[in-house]
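Chain residues, written in single-letter form:
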Amino acid sequence: MTTFSPAFEQTLHRSLAIANEELSQFATLEHLLLALLDDEDASSVIDACHGDLSELRRVLSYHLKAQLPAASESTPADESGAFINVISRWFFPERRPIVAKPADDAKPTESFQRVIQRAVIHVQSSGREVVTGANALAALFSEKGSFAQQVLLGQGITRYDVVSYISHGLVPEEQAADDEKISSLIEESSSSAPVFVPIAGRLHFEQTPAIDQIGERKALVEQRHSDLKRLCDLRANEHPEFKRLVDHYSDALARLGPQTGAYSLFMAGFDIEMFLKVKSQSSPDRERNPPLDADQLFATQSLIIAHAGLITLFPDIHSVTTELDRYRQMSESLDALRDRVLDPIFDQLSSAGQIFDNETLDVASEIKRLDESASNLGVPVTQGATSVKHSWIRGALGAIGQYLLKQGREVGKVARDSAVKEGVSHLMKHPDQLFAAMVSFLAASKPILLSLAGALEAQFGWIVSLLSRLGL
């Protein structure tokens, strides 16, 4: 149930008491604003927006004395204190009225009443329950042309400033600086990570084009792959799993282009290398683990060498190898986090159909399959597989963070240009479908994201600031 904060209840008392002390017939917006200067919530907002409380008090007091014996900024209510008493009984049915009703009490003007009504409506529409002096201060700006509004604007305080501070704890200039800092941290964290761009309401993985012509190297790989595939076909019954991996490589190679398929080919080659590693570490057994013959081993090693020469032409794969180097430097800490944090986050990202397009989700599924391949081969998850996931997480979360900040700034500009209509706080959370999907994802994943930020602060510490920025 919506209520007044104790401080705001006292502010309403004080505004009418000020009017009564001045023997004013009406309690006006200026009386309310003067009382708000001593309200802990409203005064903190004014101070944050660089307002001068002492100067405001001096100007308002002078204005009110000049307006005696009666204020003229609006028509009074029909009954003395009627509006505030009705509100009091609605919010506090067991308490005495906020304002007594002796015949000589000042009467709240209609504009006074409208400000309180707007404050109540705004709080209810934002899903909160307590009306404070800060809410009344924001609502006061809707009474255009009033002296109370003009004196605030004269100090450079706008409703946008007030609403921004109430919603995010920052005035726009500070918020912009804070956003810039978060954006810089995200960019630093996302360096050498996959790139995601918004297309048609979804994030799309955009492979960085190859840095050189791939035709000659691809032709060499195709030749060596054809030699290996022929040998595998001849011995299909001896090594069915190996034949499956070689066939999968064939499909990935066919899809490779200057701007497509590098991840798929890298992971297909990774599977073959991992198979060879398992074979070399296992005791040969004609029935359970028949060894590869010399021709197959030579053909496979030749393919891997040509494969490495081909994929090094792609910057995205270079990023993966950079990630692997980072991973090896901190492998112990990441191994401890993999099952508890990294894998769950990647699983959530790889199924976020409201955020990523189908093509991107397909690539994520292939990355996820690396673990399944290891399991099928009976080996633990390798550092390479985890480094691919880790790189993908950095790129995906970085793209989400950058998109949210960019759209938030755009909404702020629109809100400022339209004099900040009611509901700007709602717009900040739902300016478009992709934005809303991202916010929902972050809200649902908050506990594990905070664990990630705490465990790997250098790379993901910015997530804490982003969640706070969004009010999550």
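Residues numbered from 1 in each chain as written. Predicted model: local features only at pLDDT ≥ 70, side-chain atom pairs only at ≥ 80, totals over all residues. Heavy atoms only, no water.

Q: How would you summarise the confidence of the model for the chain if you had to cite specific residues and measurements?
A: When pLDDT is averaged along the chain, the result is 79, and 77% of the positions lie at 70 or above. Mean pLDDT in the chain bottoms out at helix α19 (residues 424-429), which sits at 46, and peaks at helix α2 (residues 29-36), which reaches 94. Considering only residues more than four positions removed or in separate chains, one finds that residues 70-81, a stretch of pLDDT under 50, has 33 contacts. Here residues 89-103 is a poorly scored stretch, pLDDT under 50, and it has 34 contacts once near neighbours within four places are set aside; other chains count. (pLDDT = per-residue confidence, 0-100. Helix = DSSP H or I, 4+ residues; strand = E, 2+ residues; numbered from the N terminus. Contact = heavy atoms within 4.5 Å.)

Q: Could you give an account of the packing of α2 against helix α7 (residues 133-140), with specific residues and numbers?
A: Put simply, α2 and α7 touch, their axes get as near as 11 Å, and they point 140 degrees apart. Judged by the sense of rotation from one axis to the other, the crossing of α2 with α7 is left-handed. On α7, the residues that touch L29, L33 and L36 of α2 are G133, A136, L137 and L140. (Axes fitted to C-alpha atoms, helices over the stretch in contact; angles between N-to-C directions. Left-handed = near helix turned anticlockwise from the far one by under 90°.)

Q: Lay out the pairing of strand β6 (residues 202-205) in plain terms, naming residues and giving numbers.
A: Two faces belong to every sheet, and in a regular strand the side chains alternate between them. Pairing of strand β5 (residues 196-199) with β6 involves four bridges; the strand directions are antiparallel. When the bridges of β6 are listed, F196 appears paired with F205. Hairpin connection, β5 to β6: the antiparallel pair is bridged by two residues, and A200 has positive phi, about 55 degrees. (Pairing = 2+ DSSP bridges.)

Q: Hey, could you go over helix α11 (residues 215-234) for me, with residue numbers and the actual values?
A: For α11, built from 20 residues, the straight-helix expectation of 28 Å at 1.5 Å per residue is met to within 8% by its first-to-last C-alpha distance of 29 Å. Those residues of α11 that are buried lie in contact with α12 (240-255) and α14 (294-311). (Expected span 1.5 Å × (residues − 1).)

Q: Could you give an account of the environment of T300, naming the residues involved and the relevant values?
A: If you trace the backbone, T300 turns up in helix α14. Sequence spacing of T300 and E273 is 27 residues, and the spatial spacing of their C-alpha atoms is 8.8 Å. Once residues lying within four places of it in the same chain are set aside, the contact partners of T300 are L228, F242, I272 and L276. A polar contact of 2.7 Å, which involves the side chain of T300, links it to the backbone oxygen of Q296. (Polar contact = N/O pair within 3.5 Å; in protein donor to acceptor, adjacent residues only side chain to side chain.)

Q: I'd love a proper account of the nonpolar core, names of residues and values included.
A: Counting residues in hydrophobic clusters, the biggest one holds 83 residues, and the most contacted among them are I355, F356, L397, I400 and L452. Discounting chain neighbours no more than four positions away, the residues touching F356 are F196, R202, L203, L349, L361, A396 and I400. With 42 residues, the next largest nonpolar core counts L29, L33, A136 and V151 among its residues. (Core = buried A, V, L, I, M, F, W, Y, C linked by side-chain atoms within 4.5 Å. Buried < 20%, exposed > 50% of the residue type's maximum accessible area, 1.4 Å probe, protein only.)

Q: Explain helix α20 (residues 433-444) residue by residue, including any values.
A: Compared with an ideal rise of 1.5 Å per residue, which puts twelve residues at 16 Å, α20 spans 16 Å between its outermost C-alpha atoms and is within 8% of the ideal. Considered for burial, the residues of α20 that qualify are L434, F435, A436, A437, M438, V439, F441 and L442.

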